[in-house]
Each structure stands twice: as C-alpha cells, then as structure tokens.
Amino acid sequence: MSEIIPVISATGLYTPPESISNEELVESFNAYVALHNVRHAAEIAAGTVQELAPSSAEFIEKASGIKSRFVVAKAPLLDPEIMAPRWRERSNDELSVLAEIGVKAAQDALQRAGRLPQDVDAVLCAASNMERPYPAMAIEIQHALGIEGFAFDMNVACSSATFGIQTAADFIRAGHARSVLVVSPEICTGHNNMKNRDSHFIFGDVATAVLVEAKDIAPADHWEIVGTRLKTVFSNNIRNNFGFLNCASPEGIGAPDKLFVQEGRKVFKEVVPMVASMIVAEAERLGIEAAALRRLWLHQANQGMNRLIAQRVLGHEANEDESPTVLDTYGNTSSAGSIIAFHKHSADLAAGDLGVICSFGAGYSAGTVFVRKAA
C-alpha cells in the first residue's frame, strides 16, 4: 500500500465583531481599583486587605505587545461591577456559544476548501476550555454541520490545536479518516481574571478551524504536513483549578485559582528554551535546516517570547515577514493563536516553501507542525 500523506487543505477563522482597546480596558480596570480601595479603605488602613494599584495602556503593551483584543461580550467585561462575560443561558435545544463560533470557523474552512459537510469524516474540538463535560462540543459541532462519522473533544490548553492537527494527521495516515476538521473555539475571557492587574489584559476570544485531509483528495492549493512533534512537561507555573470536583471543597469556590493564574517570569524562562530546542531538533530529524524555514507561525502569547524563540531558531532576530504577529490585535487566544497567524499570513508563500506552526502553554505543552506549500 502506498503511503497516505496528510495535508492542510484549508483553515477557517471566526472573529467576534467587538474589540476592546488597551485604553478601554484600563479605564474599566482602574474604575474597579478605585471602587475596591474606597470600599475597603478601613481594612487597607488596618493592613488586612491589600490596596490595589492601577494599570496603564503603556504597561500592557510593554509587558505583552497586546494593543487590543476581540471579545464575545464587551459591555459586561468593561463593567467595573461585573468584569466577566454575560449572556442568557441557552436551552438544551439551542446551539451552545462555543459550538456556534466553532461552526462559523468550520464553515469558513469548508468553503475555502470547496468541501461540503458530507465530505468530512470526523470533527475534533481542540480547545483550552469546554462549555460542559458532555455531550462533547465536537459532537454538537458535528451535528450542527451535518457531518457523519465521529467526533470528540480534546484539551491540551494552548497547544490543543497543534495536538489536534497531529491527531487528525495520524487518523489519515492510519486510514481511519480521509477528511478531519480540527475546530478550536476559544472564549478565553471566560477563564481570565479581569480583576488581576498582571493578567487582566492577556486574553481575547476567537474560533479557528483546520481541515486536515489525505493529499490525493485535497485541493491544489494546500500544505503538506512534513512532520509533527508533541511534548509535555509538568509545571504548576500556569494553572486553572476550576473543575467539577470544586463542589467537594466549597470553601474554595470563587477563589482566584479557579481562573487562569501564572508565574509569568518562570514561564518565560522555562518555555522559551524548551520550544526553541524542540523546533530545531524536529527540523534536524526531518532533514530541514532550521535557519532556512521561510516562516514561523508561533503561539501568540507574548511578543518577547516569540522574538526570542524565533531568534534562537533562525539564528537572527526575525522580522515581521519571518515571524508574523496577530497578538497585537487579537491578544492571547490560547490554542487558536498560531492558527490565526497561519490563516492570515500564509497565502503569499511560494510552492516548496517550508514553515512551522508552533504552540506552547500550560502543562507545559508544546506542539510543532512542519508544513510545505504544495508545488
């Protein structure tokens, strides 16, 4: 039997219509800080409650490179009395919020590939947070699109999409599927602590989709998956303790650790060398000169991390063409970030050009997908 080669036939993107600038976010956060400090003035004076410090747009951009972020629910996020997403709870007969944006991204990918839902064999919902334990988000998306076959959810935090692409590619190599949708709906504002000065600005909302197929059925304009590599290393430096067993310890419900928390400096110090060496080692295994990679579509979490990783891989400071950024306008969108970068900054590459899609985050987890533009 001839080898079945998996390729990326198309990608899809859904961007929410509303965006929050750093200036808007800071105005909201500083109003919350002022309210907190007034309401707890006595406790602050007594030393039992910590006085909160204001934020600034300049601090946010310097710390992260983020200038704005798209969100599903803008008004409640900016309300100093709420500072979290809010919408009407949907009935079991209605499409859930995550499935809704996932379907829109999937439809975009299918349209770009010239595919109908009945051409797809499987759906993987690969994201950092699922709306519920079951039924699986992937099965709901599958049902909404009218796809036969199978579907399941997978969560590897910020690396979910690249882990999903390798999983889809493995299904295709093994002959279990010919066409697989990897959908990543990321409403990251739902797990972000908007009242924490060090992280209130990090996340945005979005949904992406990647259509992975066998090369012999793919459209002419596709990307061959040359190789993939996944890696996980346990770390507490990025953590979210929200879960169904929180009810067993009700005294902790609502505590800060039930949302996203991180030790940012430790993450930077440990993840940058891990990811850079992983890309270089996998390139060597594939017989690719890392410095010759035409483009790096890196996880969009922090401008400084991406700059240093790209420099270690390419051997020089990368320019915007070699390592494009979407972080400035999308913020950190978890597993969707590197896919957005690929979606928006890949059409201009020439046949035969090589690049790498790379994600990294909580776990720690990291995934690389080396791709070659079809000749």
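Residues numbered from 1 in each chain as written. Predicted model: local features only at pLDDT ≥ 70, side-chain atom pairs only at ≥ 80, totals over all residues. Heavy atoms only, no water.

Asks: I keep staring at the environment of Cys125 and nothing clicks. Help me out?
Replies: Inspection of the secondary structure puts Cys125 in strand S4 (residues 122-126). Spatially, the C-alpha atoms of Cys125 and Ala301 are 21 Å apart, while their sequence positions differ by 176 residues. Leaving out residues up to four positions away in the same chain, Cys125 has contacts with Met130, Met137, Ala138, Ile141, Phe152, Asp153, Met154, Val183 and Pro185. (Helix = DSSP H or I, 4+ residues; strand = E, 2+ residues; numbered from the N terminus. Contact = heavy atoms within 4.5 Å.)

Asks: Whenever I open this one, the pattern of salt bridges confuses me. Can you help?
Replies: Charged atoms that come close allow side chains of opposite charge to pair. Tallied over the entire structure, the rule returns 21 salt bridges. A salt bridge links Glu61 to Lys67; its shortest N-O distance comes to 4.0 Å. What makes Glu61 partly exposed here is its relative accessible area of 35%. Given the relative accessible area of 44%, Lys67 is considered partly exposed. Here Arg178 makes a salt bridge to Asp216, at a shortest N to O gap of 2.7 Å. In this pair, Arg178 is assigned in the loop between helix H7 (160-173) and strand S6 (179-187) and Asp216 in the loop between strand S7 (205-214) and strand S8 (223-232), connecting sequence segments 38 residues apart. For Arg178, a relative accessible area of 34% translates into the label partly exposed. In this structure, a network of salt bridges that share partners links the residues Arg294, Arg295, Asp321 and Asp348. (Salt bridge = Lys/Arg side-chain N within 4 Å of Asp/Glu carboxyl O. Buried < 20%, exposed > 50% of the residue type's maximum accessible area, 1.4 Å probe, protein only.)

Shape descriptors only; they carry no functional weight alone.
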